[in-house]
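Residue-level structure breakdown
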Amino acid sequence: MTAILEVRSLSKHFGGLAAVDAVSFELADGDIAALIGANGAGKTTCFNMLGGALQADTGHVFFQGQNITDWPAHRRCRSGIGRTFQIAATFRSMSVLENVETALSAIGRDTAAAPRLLDETGIADKAGLAVTALAYGDIKRVELAMVLAAEPRLLLLDEPTAGMAGAERRQIMQTIAGLVAARGMTVLFTEHDMDAVFGFARRVLVMDQGQLIADGSPDAVRGDARVQQVYLGDAESDDA
């Protein structure tokens, strides 16, 4: 399959710390991939460079064959890269519908598309509610609907199940999987919940101390001795 995202020797240093150290990988069109690692492994820094919140020190990022390494976040968004955050980025003073209408207006799209986006993300019945009245899982769905307003080809999800209970985690991941199938998107997500990772990712990338140490199918990564040593065993026992 054609690569939609190419990351080549991407690096970021903070003082003497190599937060991301020459990371390279590709995502094929339609991939659902998880980027995992212990706290401090470098995955958030890597994610921020892909989304444009941070500029890389060295290396390159290509999206649909175009070098976007130096592009700011808003330009990446308009080119087809959507991004959600661990702490959902919504307008708390507005209603659910107004949040999505605002996102549509910001990119010059007709706000009449808002109800459809709410339906796709499973919160159409909450359109008139204030965001502050929602459970956190539904707030994440509002943010997801806002990101979908730009019709992204690549969706970067930063811990999409953070702050949710087990049933909510499964439901939001099922929603995301359905959106990928319906819209033909590619997804890269960071996540600490191993059930979400191994239940939904078709591919798993593992970082440790700024480096990519594994990249493969969920079964291959689960059985990787180095991954078990530095991360996976501890993460799975923590989640148990």
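Going by the structure above, here's the rest.
Note that this is a predicted model, so its numbers are computed, not measured. Here the residue index of a chain counts from 1 through its sequence in written order. For this predicted model, a pLDDT threshold of at least 70 governs which residues receive local features, and a threshold of 80 or more governs which side-chain atom pairs are given and counted, while totals over whole chains, interfaces and linings are taken from all residues. To obtain the side-chain values, all non-hydrogen atoms of the structure were used and water was disregarded.

**A few points about the layout of surface pockets**
For each structure, a 1 Å grid was placed over the protein atoms alone; sets of points admitting a 1.4 Å probe that cannot get out are labelled cavities, open sets with protein on both sides within 12 Å along at least five of seven lines are labelled pockets, and lining residues have an atom within 4 Å of a point. Grid points are joined across faces, edges and corners, and a volume is the space filled by probe spheres set on the points. Taken as a whole, the largest pocket holds about 550 Å³ of empty space. If you trace the largest pocket, you find 23 residues lining it, with Cys-77, Arg-83, Phe-85, Met-146 and Val-147 closest to the centre. Ranked by residue count, the leading element in the lining of the largest pocket is helix H2 (residues 73–79), at five residues. Gly counts as polar in this scheme, as do all residues outside two lists: the nonpolar Ala, Val, Leu, Ile, Met, Phe, Trp, Tyr, Cys and Pro, and the charged Asp, Glu, Lys and Arg. Taken together, the residues that form the lining of the largest pocket break down as 14 nonpolar, five polar and four charged. Under the scheme used here, helices are H or I runs from DSSP no shorter than 4 residues and strands are E runs no shorter than 2 residues, and both carry numbers assigned from the N terminus.

**Let's talk about the sheet that holds strand S3 (residues 32–36)**
Should DSSP find at least two bridges between two strands, the strands are taken to pair. Reading across the sheet, the six strands line up as S6-S7-S8-S3-S9-S10 and stay open at both edges, with mixed pairing between neighbours. Each having just a single partner strand, strand S6 (81–84) and strand S10 (211–216) make up the two edges of the open sheet. Neighbour-to-neighbour, the strand axes of the sheet open up by a mean angle of 15 degrees, direction not taken into account. Here, residues are in contact when the closest pair of their heavy atoms is within 4.5 Å. Structural elements are reduced to axes, namely lines fitted to C-alpha atoms, with helices fitted over the stretch in contact, and the angle between N-to-C directions of any two is expressed from 0 to 180 degrees. Helix H5 (residues 136–148) contacts S6 and strand S7 (154–158) of the sheet and is inclined by roughly 165 degrees relative to S6.

**What to know about the pattern of salt bridges**
Here, a salt bridge means any side-chain nitrogen of Lys or Arg that lies within 4 Å of a carboxyl oxygen of Asp or Glu. Per the stated rule, a full pass over the model turns up twelve salt bridges. Residue Asp-29 is joined to Arg-153 by a salt bridge in which the shortest nitrogen-to-oxygen separation is 2.9 Å. Placement of Asp-29 in the loop between strand S2 (17–28) and S3 and of Arg-153 in the loop between H5 and S7 is noted, with a sequence separation of 124 residues between them. The partner of Asp-158 in a salt bridge is Arg-83, and the shortest N-O contact between them spans 3.3 Å. Taken together, the positions of Asp-158 in strand S7 and Arg-83 in strand S6 put the pair 75 residues apart, joining distant regions of the chain. The pair formed by Asp-158 and Arg-83 is uniform in burial state, with each residue classed as buried. Three or more residues are tied together by salt bridges with common partners; here these are Asp-31, Arg-203 and Asp-215. Each residue is assigned to one of three classes by its accessible area relative to the maximum for its type, calculated with a 1.4 Å probe on protein chains only: buried under 20%, partly exposed between the two thresholds, exposed over 50%.

**Notes on empty space enclosed by the protein**
By the definition in use, this model includes one cavity of 30 Å³ or more. Lining of the largest cavity is provided by Thr-84, Lys-140, Glu-143, Leu-144, Leu-157, Pro-160, Ile-172 and Ile-176. Elements supplying a minimum of two residues to the lining of the largest cavity: H5 and helix H6 (166–183). Per element, the largest residue contribution to the lining of the largest cavity is three residues, and it comes from H5. Of the residues assigned to the lining of the largest cavity, the class counts are five nonpolar, one polar and two charged.

**Examining the pairing of strand S8 (residues 186–190)**
Extensive coverage of S8 is indicated by the burial of five of its five residues. Of the two faces of S8, both are covered, the one formed by Thr-186, Leu-188 and Thr-190 as well as the one formed by Val-187 and Phe-189. In this sheet, S8 lies alongside S7 in parallel orientation, the contact comprising five bridges. Within S8, the position partnered with Leu-154 by the bridge is Thr-186. By definition, the crossover connecting two strands over a helix is right-handed if that path, from the first strand to the second, turns clockwise as seen with the strands pointing away from the viewer. In the classification by handedness, the crossover that spans S7, the intervening H6 and the parallel S8 is right-handed.

Everything listed here is a matter of coordinates, which is why it stays silent on function.
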